[in-house]
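Survey of secondary and tertiary structure
Residues per chain, in single letters:
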Amino acid sequence: GVSSAQGTVIQTNDYITFTIYRTFTKIGQVDMTFKVDPAGYLAESNANNNSIALKVSVIGYDLAVESLTITPAKPTVAQNSYLRIKVKNNSSYNLYTGAGLDLIKSFPDFTITKASSTTPSLDHLINSGSYFYYEYEGNFSGAGDKKFSFTIDPKDDLKEADTANNTVNATFSVFAA
């Protein structure tokens, strides 16, 4: 915020320094404008120099879970099925460790027989803008509609710019064999 400078006398050619604190909620370019005396209360010889505009490049972490798919599209009870979760590294940074990649998953009536994921390392970077995957093989023990959920970085260990995109939900219909 900006505090009032009421009572401060500014002489010709003097300066006042304003310090502005702001929390950015999105990664990318942000346009900022700062105006002094926008309502024109002060009598000035030149009011055209009372504003400044600039672009700020905001960097940070952001993971986005984009999809949760199943193969086959219409699984049956006890049929071998495959789940695939697609995650995008929307961060300004490359991922080089598994730090912050904790997850919470809810796959009701699905028994996992095999799991694999892309694990970042110094030898296997997940670059900014790239995708990585979590894959599960298994089978269903019961028929009906199954509501699945997958969340990455549930405790916000990465201090992400946007955590609203960390969860995906999907409902799959499982049919009797």
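Look a little higher up for the structure.
Cut-off values and rules
- Position numbers for residues count from 1 along each chain, tracking the sequence in the order it is written.
- Predicted model: local features are reported for residues with pLDDT of at least 70 only, side-chain atom pairs are reported and counted for 80 or more only, and whole-chain, interface and lining totals are derived from all residues.
- To obtain the side-chain values, all non-hydrogen atoms of the structure were used and water was disregarded.
- Counting from the N terminus, the helices are the DSSP runs of H or I reaching at least four residues and the strands are the DSSP runs of E reaching at least two.
- Only protein chains enter the accessibility calculation, which uses a 1.4 Å probe; a residue whose area is less than 20% of its type maximum is buried, one above 50% is exposed, and one in between is partly exposed.
- Salt bridges are defined by distance alone: a side-chain nitrogen of Lys or Arg within 4 Å of a carboxyl oxygen of Asp or Glu.
- Only when DSSP finds a minimum of two bridges between them are two strands counted as paired.
- Helix axes use the C-alpha atoms of the stretch in contact, all axes being lines fitted to C-alpha atoms, and the angles between their N-to-C directions lie in the range 0 to 180 degrees.

Let us look at unusual backbone geometry. The peptide bond linking Thr71 to Pro72 adopts the cis configuration, its omega dihedral lying at 0°. Looking at the element boundaries, Pro72 is found in the loop between β3 (63–71) and β4 (81–89). Even without glycine at this site, Asp156 takes up a positive phi of about 55°. Residue position: Asp156 is located in the loop between β8 (144–152) and β9 (167–174). Residue Lys159 is not a glycine yet carries a positive backbone phi of 55°. Of note, Lys159 is situated in the loop between β8 and β9. A relative accessible area of 62% means that Lys159 is categorised as exposed.

Tallying each qualifying case throughout the model produces three salt bridges. A salt bridge links Lys55 to Asp31, with the shortest nitrogen-to-oxygen separation between them at 2.7 Å. A residue pair is termed long-range when its members are at least 10 positions apart, and Lys55 in strand β2 (residues 51–58) and Asp31 in strand β1 (residues 28–35) qualify at 24 residues. As far as the burial class goes, Lys55 and Asp31 line up, both exposed. Where Lys146 meets Asp109, a salt bridge forms, and the shortest distance between an N and an O atom there is 2.5 Å. Within this pair, whereas Lys146 is found in strand β8, its partner Asp109 is found in the loop between β5 (103–106) and β6 (110–117), the two being separated by 37 residues in sequence.

Now for the pairing of β8. Here four bridges tie β5 to β8, and the two strands are oriented antiparallel to one another. Across the sheet, residue Ile104 finds its bridge partner in β8, namely Thr151.

This part takes up the sheet that holds strand β7 (residues 131–140). The strand order across the open sheet built from four strands is β3-β4-β7-β6, with neighbouring strands paired in antiparallel fashion. The sheet terminates laterally at β3 and β6, the two strands that pair on one side only. Pairwise comparison of adjacent strand axes, ignoring direction, gives a mean angle of 20° for this sheet. Pairing of β4 with β7 involves eight bridges; the strand directions are antiparallel. Within β7, the position partnered with Lys86 by the bridge is Tyr133.

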